[in-house]
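As a plain string of letters, each chain reads:
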Amino acid sequence: MTKIGLVAEGGGMKCAYGAGVLDSFLDHGITFDYYIGVSAGAANIASFLGGQRDRNRRYYVEHISDPLYFGLRAYAKTRNMFNLQHIYGDMTNEGGVDPLDFDTFSAAPGEYEVCAADALTGRPAYFPKESMRRNDYRHIMASCALPALCRPIFIGGRPYFDGGTVDAAPTKRAMERGCDKLVVILSKPRAFVKQPEGHRRLYAFLCRKYPEIVKALDRRHLMYRECQEHFFGLEREGRAFLYTLESDLKMSTYTMDAQVNQRLYDLGFSDAERRLPELLEFLGK
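The model shown is predicted, which means the values in this text are computed figures rather than measured ones.

Q: Quick rundown of the overall build of the chain? Include the residues and the values.
A: Counting its secondary structure elements, the chain contains 13 helices and eight strands. Rg of the C-alpha trace for the chain: 17 Å, near the compact-globule value of 19 Å for 285 residues, within the 12% margin. Along the three orthogonal principal directions, the C-alpha set of the chain runs to about 50 × 40 × 35 Å. Here the chain holds 285 residues, and 58% of them are scored as buried. A separation of at least 24 residues holds for 75% of the contacts in the chain among residues at least 6 apart in sequence.

Q: How would you summarise a positive patch on the surface if you had to cite specific residues and measurements?
A: A cluster of basic side chains, namely Arg79, Arg151, Arg208 and Lys209, defines a positive patch on the protein surface. For Arg79, the position within the fold is in the loop between α4 (72–78) and α5 (84–90).

Q: I'd like a rundown of helix α2 (residues 40–49), residues and numbers included.
A: Burial analysis of α2 places 10 of its 10 residues in the buried class, the great majority of the element. A positive phi of about 70 degrees marks Gly51, the residue just after α2.

Q: A description of the packing of aromatic side chains should follow, citing residues and the corresponding values.
A: The geometry of two aromatic rings is summed up by the distance between their centres and the angle between their planes. Summed over all chains, the structure comprises 16 aromatic pairs. Arranged with centres 6.0 Å apart and planes meeting at 50 degrees, the rings of Tyr35 and Phe48 form a pair that is tilted. With Tyr35 in strand β2 (residues 34–38) and Phe48 in helix α2, the pair connects residues that are 13 residues apart, well separated along the chain. Here Tyr35 falls in the buried class, since its relative accessible area comes to 1%. Phe48 sits in the buried class, given a relative accessible area of 5%.

Q: Explain the pattern of salt bridges residue by residue, including any values.
A: Evaluated as defined, the whole model comprises 24 salt bridges. Asp118 serves as the salt-bridge partner of Arg158, at 2.6 Å between the closest nitrogen and oxygen. Taken together, the residues span a long stretch of sequence, with Arg158 in strand β6 (residues 158–162) and Asp118 in strand β3 (residues 111–118) at a distance of 40 residues. When its relative accessible area of 9% is taken as the criterion, Asp118 is described as buried. Beyond isolated ion pairs, a larger network of salt bridges with shared partners links Asp54, Arg55, Arg57, Arg58, Glu62 and Asp98.

Q: Explain the pairing of β6 residue by residue, including any values.
A: With four of five residues buried, β6 lies mostly within the body of the structure. Relative to β6, β3 runs antiparallel, the two sharing three bridges. Directly across from Ala117, in β6, lies its bridge partner Phe161. Pairing analysis gives three bridges linking strand β5 (residues 153–155) to β6, with the strands arranged antiparallel.

Q: Can you explain the environment of Arg158? Please cite residues and give values.
A: A residue is classified by how much of its surface remains accessible, and Arg158, at 30% relative accessible area, is partly exposed. Between the alpha carbons of Arg158 and Glu197 there is a distance of 25 Å; along the sequence they are 39 residues apart. Ignoring sequence-local partners within four residues, the contact set of Arg158 consists of Asp118, Leu120, Thr121 and Ile153. A polar contact of 2.6 Å, which involves the side chain of Arg158, links it to the side chain of Asp118.

Q: Give me the lowdown on the nonpolar core, citing residues and values where you can.
A: Grouped together as the largest cluster of nonpolar side chains are 77 residues, with contacts concentrated most on Phe25, Tyr112, Val183 and Tyr243. Counting residues per element, this core draws most heavily on α2, which supplies seven residues. Excluding residues that lie within four positions of it along the chain, Phe25 makes contacts with Leu6, Ile30, Phe32, Phe48, Val183, Ile185, Tyr243 and Leu279. Ala168, Leu182, Cys227 and Leu234 belong to the second largest nonpolar core, which has 19 residues in total.

Q: Can you break down the side chain of Lys3 residue by residue, with the values?
A: Tracing the sequence through the fold places Lys3 in the segment before β1 (4–8). A polar contact of 2.6 Å, which involves the side chain of Lys3, links it to the side chain of Glu111.

Q: Summarise the pairing of β3; cite the residues concerned and give the values.
A: With seven of its eight residues buried, β3 lies for the most part within the structure. Strand direction decides the pairing type here: β2 and β3, joined by five bridges, are parallel. Of the residues in β3, the one forming a bridge with Val38 is Cys115. Alignment of β3 against strand β4 (residues 124–128), held across five bridges, turns out to be antiparallel. Residue pairing for β4: Val114 is matched across the bridge by Phe127. Hairpin remark: β3 followed by β4, antiparallel, with five residues in the connecting loop; positive phi at Gly122, about 70 degrees.

Procedures and definitions
Residues numbered from 1 in each chain as written. Predicted model: local features only at pLDDT ≥ 70, side-chain atom pairs only at ≥ 80, totals over all residues. Heavy atoms only, no water. Helix = DSSP H or I, 4+ residues; strand = E, 2+ residues; numbered from the N terminus. Rg over C-alpha atoms; globule rule 2.2 N^0.38 Å. Buried < 20%, exposed > 50% of the residue type's maximum accessible area, 1.4 Å probe, protein only. Contact = heavy atoms within 4.5 Å. Patch = residues over 30% accessible without salt bridge, like charges linked within 9 Å, V, L, I, M, F, W, Y side chains within 5 Å. Areas by Shrake-Rupley, 256 points an atom, 1.4 Å probe, with all protein chains shown as cover. Salt bridge = Lys/Arg side-chain N within 4 Å of Asp/Glu carboxyl O. Lys, Arg positive; Asp, Glu negative; His and termini not counted. Charge placed at Lys NZ, Arg CZ, Asp CG, Glu CD. Phe/Tyr/Trp six-rings, centres within 6.5 Å; stacked < 30°, edge-to-face > 60°. Pairing = 2+ DSSP bridges. Polar contact = N/O pair within 3.5 Å; in protein donor to acceptor, adjacent residues only side chain to side chain. Core = buried A, V, L, I, M, F, W, Y, C linked by side-chain atoms within 4.5 Å.

Given below as structure tokens:
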């Protein structure tokens, strides 16, 4: 039996594109045997597994008006530009403004992993769905904790940062877990070329307690190219189906413009609808 996986790249607000793709999948009852996400991609998959159509879109378009979501006010209160405890705690927990359906999420068939960066080793860490608990989404917080802009998230007494620092699109991990084919949702255009990180002195200073993370940031552009080589190679072999922007919208990872984010969501949804016959053929359905 063919094992098919879904990989969702991170990318902050650019992951509104993937939210649109996933809502199309929900509309058509498309599921997978294995799921892995990074940063906002991991959060997108959580809502998908919770069966919560439109929930991801609301987090990119409607909830960004919350003053504690992102920005200087959030940073002053928590030392996080993205207030992860608010987004994936106050808002996501039961009783929050837009909670995750944990019962549906936890009962959903298929494996699910969240990728984070171990702050002490600079290596990827992969957390399974079974490690998550109701009203405790630290694994997703960890996967979203951007070095220098967010404090690390501690799990089991160990600090973690954004998984995109060390494994931006974990297609290799998915294949190691036994997948034969992959559907990969990217947040960047096909022709994207990752450049070396800017402001090295600043991030080296802010992350000085975690030298392995500084090293990972130094080589992040090389890591991303390695990821691209892998998933584009799988695509050439007919083993990967990629969703990616046709052109760059010139938006930031931190864009807090509801209209821009809505447009990106709409692009993802329309791309998925347009390519549905092609996807079904790839899936063998």
